[in-house]
Amino acid sequence: VQLQASGGGLVQAGGSLRLSCGASGNIGSINHMGWYRQTPGNRRELVATISSSGSANFAASVKGRFTISRDHAKNTVYLQMNSLKPEDTAVYYCNLQLKWRYTDIWGQGTQVTVSS
C-alpha cells in the first residue's frame, strides 16, 4: 500500500488549504484514514481521521476550522483547512490504518506554512 499526499504550501493566517491523499495498492479493509502533523522537536500528533463508516475525529485545536472527507471509490482522503493559524504550521502526514493488526501506513509529509 502506498499513500500519495499533495496540497501543502504557504498561506497567510486566515487563509485556507486543502490536502489530498490517495491510497494505491492492495489495500484491504481499513479502520480509518486521516492526517497527523509534526513540528521540529515534537511528537507527531493527530489532526483528523475518518473511519470507514464516515465517523470523523478531530484534534481539539482544529475543531470547527478543519473538515475531513473521503472518496471511497478513489481511496482518497481530503483535509480542508480553513481559518489557518501560524500554529498550524507543520509537516502534515497522511495516515491509513488497516484492520489487519491495526497496521499504520504513512505517506510522505507535506509542508504547511501559515504566515502571520
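Each remark here, short or long, concerns the structure printed above.
What comes next is a walk through the structure. (Residues numbered from 1 in each chain as written. Predicted model: local features only at pLDDT ≥ 70, side-chain atom pairs only at ≥ 80, totals over all residues. Heavy atoms only, no water.)

### Remarks on the pairing of strand β9 (residues 90-98)
Note the cut-off: Accessible area is worked out with a 1.4 Å probe on protein chains only. A residue is then buried under 20% of its type maximum, exposed over 50%, and partly exposed in between. Runs of H or I in DSSP of at least four residues are treated as helices and runs of E of at least two as strands, each being numbered from the N terminus. One bridge is not enough; two strands pair if DSSP finds at least two bridges between them.
For β9, a buried count of eight out of nine residues is recorded, marking the element as mostly surrounded by other parts of the structure. Bridge count between strand β4 (residues 30-38) and β9: eight bridges; the pairing is antiparallel. When the bridges of β9 are listed, Tyr-36 appears paired with Tyr-93. With three bridges connecting them, β9 and strand β10 (residues 104-106) associate as antiparallel partners. By the bridge assignment for β10, Asn-95 is matched with Trp-106. The antiparallel pairing of β9 with β10 creates a hairpin that spans five residues between the two strands, and Arg-101 there sits at a positive phi of about 55°.

### Quick notes on the sheet that holds strand β1 (residues 2-6)
Heads up, the rule is: Each axis is a line fitted through C-alpha atoms, taken for helices only over the stretch in contact, and angles between the N-to-C directions span 0 to 180 degrees.
Reading across the sheet, the four strands line up as β1-β3-β8-β7 and stay open at both edges, with antiparallel pairing between neighbours. With one partner strand each, in any of the chains shown, β1 and β7 (66-71) form the two edges of the open sheet. Along the sheet, successive strands turn relative to each other by an average axial angle of 15°, direction set aside. Looking at chain direction, strand β3 (residues 17-24) and strand β8 (residues 76-81) are connected through six bridges and run antiparallel. Within the sheet, the bridge partner assigned to Arg-18 lies in β8 and is Gln-80.

### Some points on the nonpolar core
Our working rule: We call a set of buried residues a nonpolar core when its members are Ala, Val, Leu, Ile, Met, Phe, Trp, Tyr or Cys and they connect through side-chain atoms within 4.5 Å of each other. We call two residues contacting when some pair of their heavy atoms lies within 4.5 Å.
With 30 residues, the main nonpolar core has Trp-35, Leu-79, Met-81, Tyr-92 and Leu-96 as its most contacted residues. Broken down by secondary-structure element, the contributors of at least two residues to this core are β1, β3, β4, β5 (45-51), β7, β8, β9 and β11 (110-115). Per-element tally for this core: the top contributor is β9, with five residues. Once residues within four sequence positions are removed from consideration, Tyr-92 is found in contact with Leu-19, Trp-35, Tyr-36, Arg-37, Val-47, Phe-66, Leu-79, Met-81, Gln-108, Gly-109, Thr-110 and Val-112.

### Quick word on the pattern of salt bridges
This is how it is decided: Salt bridges are identified by distance alone: a Lys or Arg side-chain nitrogen within 4 Å of an Asp or Glu carboxyl oxygen.
Applying the stated criterion across every chain yields a total of three salt bridges. Notably, a salt bridge pairs Arg-37 with Asp-88, separated by 3.0 Å at the nearest N-O pair. One end of the pair, Arg-37, is in strand β4; the other, Asp-88, is in the loop between β8 and β9, and 51 residues separate them in sequence. By relative accessible area, Arg-37 is classed as buried at 6%. Assessed through its relative accessible area of 1%, Asp-88 is described here as buried. Between Arg-65 and Asp-88 there is a salt bridge whose closest N-O contact spans 2.7 Å. In this pair, Arg-65 sits in the loop between β6 (56-58) and β7 while Asp-88 sits in the loop between β8 and β9, placing the two residues 23 residues apart along the sequence. Of the two residues, Arg-65 and Asp-88, neither departs from the other in class, the shared state being buried.

Nothing here speaks to function; it is geometry throughout.
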